[in-house]
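Descriptive analysis of the structure
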Amino acid sequence: MAAFLRHASTSPQSRASLVALRRSFATGSSPHIAKPRLNPFQARSLVSSSGAIGGFDEMVAANSRKYYMIGGKGGVGKTSCAASLAVKFANHGHPTIVVSTDPAHSLSDSFAQDLTGGVPIPVEGVDAPLYALEVNPEKSREEFRTASKKNNGGGIKDLMDSMGLGAMVDQLGDLKLDELLDTPPPGLDEAISISKVMQFVESPEYSNFTRVVFDTAPTGHTLRLLSLPDFLDASLGKMMKLKEKLASATAAIKSVFGKQEEQKDVSDKLDQLRERMRKVRDLFHDPDMMEFIIVTIPAVMAISESSRLCASLRKESVPVQRLIVNQVLPQTVSECKFCSVRSKDQLRALDMIKTDPELAQLSVVEAPLFDAEIRGVPALKFMGNMIWK
Ligand SMILES: Nc1ncnc2c1ncn2[C@@H]1O[C@H](COP(=O)(O)OP(=O)(O)OP(=O)(O)O)[C@@H](O)[C@H]1O
């Protein structure tokens, strides 16, 4: 907390905020840093146009497992929002795991705790169990690749070549096996990361988690991630067919080459990966289990990108209904010209949301720009109480 408070500025308004913050951390109550702007969106966040979008009460209500993906443009506050939501879930009794699939992880920084290492690590200072995991895509990919390369490091294609089945590879050249396994297209890392997460989530050791929060990578990566399960399912499907063709050929020549065990290992891994991809794909489309929450800031570029993200999510049938507008300047009377110009700029950007064909349909919640960096559980708890209502 001391580190958190040390970063605050020393203006009279900030000093008042610090007093409020200190009191809040001491008592666990919700202080006011500055009066948040009264806006038409906050009302809408409680009663949606359809009447169907609830607030945090609804998010916390069900005991069955729910997944939340937090995404948006780089630097808008995705990690802070994801971490604050996870803290709030845990403090409402939900065993929760928060997972970063962003290759440039900042979950450790957000929790002010070392969460590297690719395994879930308990977060201290919350009521119910809260674990955080920074997925290591390179490590996950390596595991899969190793299994696919047991034939003297040659990969599936070389395995087939070594069996004298190179001609079959030529027939199936469009599979681009080497490309898929050795130089993965952008986003494959994330898809494998998600499959890794599913592995954690499926294992009995972690079966008690009732809330899973994903801190996703910036928009482009996330969109690839969302479309990849379909792509991989199809690609792996082709590979499985290839495997079946191979099975009979392998049986005939196994006495010569004795490779069956290794090929079976590869096949099993492909089977598992395909099964996980299907689960991820189903999960992405299930409104009872999953919600994608877009985070943006009140700036034209960020809002334009959020609108495109929202359109893509809808196109992919991913459930999306909430928009967090983070870092909104408090509307206070100030002699600071810079602040009032920025504030007017933000208001214009906020107006864009009302008329944007995609974003206007969402339930919008504004989160203020705090005068201190959000780091550590107490700060995240404070932020969560401001956003998740
Ligand atoms: N409402 C806020 N008020 C003040 N600081 C904030 C707020 N939201 C986020 N920050 C700060 O902004 C910085 C970036 O936040 P964060 O890491 O959550 O963004 P991100 O979208 O996850 O970034 P990246 O795309 O780089 O992963 C952090 O220093 C965080 O503490």
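Predicted, not measured: the structure shown is a model, and the values here were computed from it. (Residues numbered from 1 in each chain as written. Predicted model: local features only at pLDDT ≥ 70, side-chain atom pairs only at ≥ 80, totals over all residues. Heavy atoms only, no water.)

**Things to note about the overall build of the protein chain**
Along the protein chain, the regular secondary structure elements total 16 helices and 8 strands. Looking at the protein chain alone, contacts between residues at least 24 apart form 79% of all its contacts between residues at least 6 apart. Of the roughly 17,800 Å² that the protein chain leaves accessible, carbon and sulfur atoms contribute 54%. (Helix = DSSP H or I, 4+ residues; strand = E, 2+ residues; numbered from the N terminus. Contact = heavy atoms within 4.5 Å. Areas by Shrake-Rupley, 256 points an atom, 1.4 Å probe, with all protein chains shown as cover.)

**Some thoughts on the packing of aromatic side chains**
Inspection of every chain in the model, using the stated rule, returns 5 aromatic pairs. A centroid spacing of 5.4 Å and a plane angle of 35° characterise the contact between Tyr68 and Phe89, whose relative ring orientation is tilted. Linking Tyr68 in strand β1 (residues 66–72) with Phe89 in helix α5 (residues 78–91), this pair joins segments that are 21 residues apart in sequence. Relative accessible area serves as the criterion here: at 2%, Tyr68 is assigned to the buried category. For Phe89, a relative accessible area of 0% translates into the label buried. Ring pairs connect the aromatic residues Phe56, Tyr68 and Phe89, which therefore count as one cluster. (Phe/Tyr/Trp six-rings, centres within 6.5 Å; stacked < 30°, edge-to-face > 60°. Buried < 20%, exposed > 50% of the residue type's maximum accessible area, 1.4 Å probe, protein only.)

**A few points about the pattern of salt bridges**
Summed over the entire model, instances satisfying the criterion amount to 6 salt bridges. Note that Arg322 and Glu291 form a salt bridge whose closest N and O atoms lie 2.7 Å from each other. Residue Arg322 is located in strand β7 (residues 320–328), and its partner Glu291 is located in strand β6 (residues 290–296); the two are separated by 31 residues in the primary sequence. Just as Arg322 is buried, Glu291 falls in that class too. (Salt bridge = Lys/Arg side-chain N within 4 Å of Asp/Glu carboxyl O.)

**Focus on the site of the ligand**
Around the ligand, 18 residues are found, and the nearest of them are Lys78, Thr79, Ser80, Asn326 and Glu373. Note that a nitrogen atom of the ligand is positioned 2.8 Å from one of the side-chain N or O atoms of Asn326. Between the ligand and the protein, one listed contact pairs an oxygen atom with a backbone N or O atom of Ile374 at 3.3 Å. Isolated, the ligand exposes 630 Å² of accessible area, and the fraction of that covered by the protein chains is 79%. Contributions of two or more residues to the shell around the ligand are made by α5 and β7. For the shell around the ligand, the element with the highest residue contribution is α5, accounting for 3 residues. (Near = heavy atom within 4 Å. Polar contact = N/O pair within 3.5 Å; in protein donor to acceptor, adjacent residues only side chain to side chain.)

**A look at the sheet that holds strand β3 (residues 121–122)**
Spatial strand order, β3-β4-β2-β5-β1-β6-β7-β8: 8 strands in an open sheet with mixed pairing. The two strands at the open ends of the sheet, each matched to only one other strand, are β3 and β8 (363–368). Note: strand β2 (residues 96–100) against strand β5 (residues 211–215), 5 bridges, orientation parallel. Each residue of the ladder has a partner; that of Thr96, found in β5, is Arg211. Strand contacts of helix α14 (residues 300–315): β1, β6 and β7, with the helix running at about 165° to β6, the strand carrying the most contacts. Each of β7 and β8 is contacted by helix α15 (residues 337–355), which is oriented at about 175° to β7, the strand it contacts most. (Pairing = 2+ DSSP bridges. Axes fitted to C-alpha atoms, helices over the stretch in contact; angles between N-to-C directions.)

**Comments concerning the pairing of strand β4 (residues 130–134)**
For β4, the buried fraction is high: 4 of the 5 residues fall into the buried class. Bridge count for β2 against β4 is 5 bridges, and the pairing is parallel. Across the sheet, the residue bridging to Thr96 is Leu130, located in β4. Where β3 lies against β4, 2 bridges are found, and the strand directions are antiparallel. Bridging from a neighbouring strand, Pro122 pairs with Tyr131 of β4.

**A closer look at the packing of α5 against helix α16 (residues 377–387)**
Relative to each other, α5 and α16 sit at 90°, their axes nearing to 8 Å. Relative to α16, the element α5 is oriented roughly perpendicular. Along its contact with α5, which presents Ser80, Cys81, Ala83, Ser84, Val87, Lys88 and Asn91, the element α16 presents Val377, Leu380, Lys381, Met383, Gly384, Asn385 and Ile387. In the contact of α5 with α16, the residues fall into 7 nonpolar, 5 polar and 2 charged. (Parallel < 35°, antiparallel > 145°, perpendicular 65-115°, else oblique. Nonpolar A, V, L, I, M, F, W, Y, C, P; charged D, E, K, R; others polar.)

**Quick notes on the nonpolar core**
Membership of the largest hydrophobic core comes to 40 residues, with the highest contact counts inside it found for Ile70, Leu85, Val98, Phe111, Leu130, Ile324 and Trp388. Residue assignment for this core shows that the elements contributing at least two residues are α4 (56–61), β1, α5, α6 (107–111), β4, β6, β8 and α16. The element that contributes the greatest number of residues to this core is α5, accounting for 8 residues. With residues near it in sequence (within four places) discarded, Leu85 still touches Phe56, Met59, Tyr68, Ile70, Val213 and Trp388. (Core = buried A, V, L, I, M, F, W, Y, C linked by side-chain atoms within 4.5 Å.)

**With respect to α16**
Of all the 11 residues making up α16, 8 are buried; the element is thus mostly covered by neighbouring parts of the structure. For α16, the full list of buried residues reads Val377, Ala379, Leu380, Phe382, Met383, Gly384, Met386 and Ile387.

**A short note on the environment of Asn385**
Its place among the elements puts Asn385 in helix α16. By relative accessible area, Asn385 is classed as partly exposed at 26%. In terms of polar contacts, Asn385 uses its side chain to reach the side chain of Lys88, at 3.4 Å.

**Details of α14**
For α14, spanning 16 residues, the distance from its first C-alpha to its last is 23 Å, which sits close to the expected 22 Å at 1.5 Å a residue. For α14, every residue scored as buried is listed here: Ala302, Ile303, Glu305, Ser306, Ser307, Leu309, Cys310 and Leu313. At the exit of α14 stands Ser317, carrying a positive phi of roughly 60°. (Expected span 1.5 Å × (residues − 1).)

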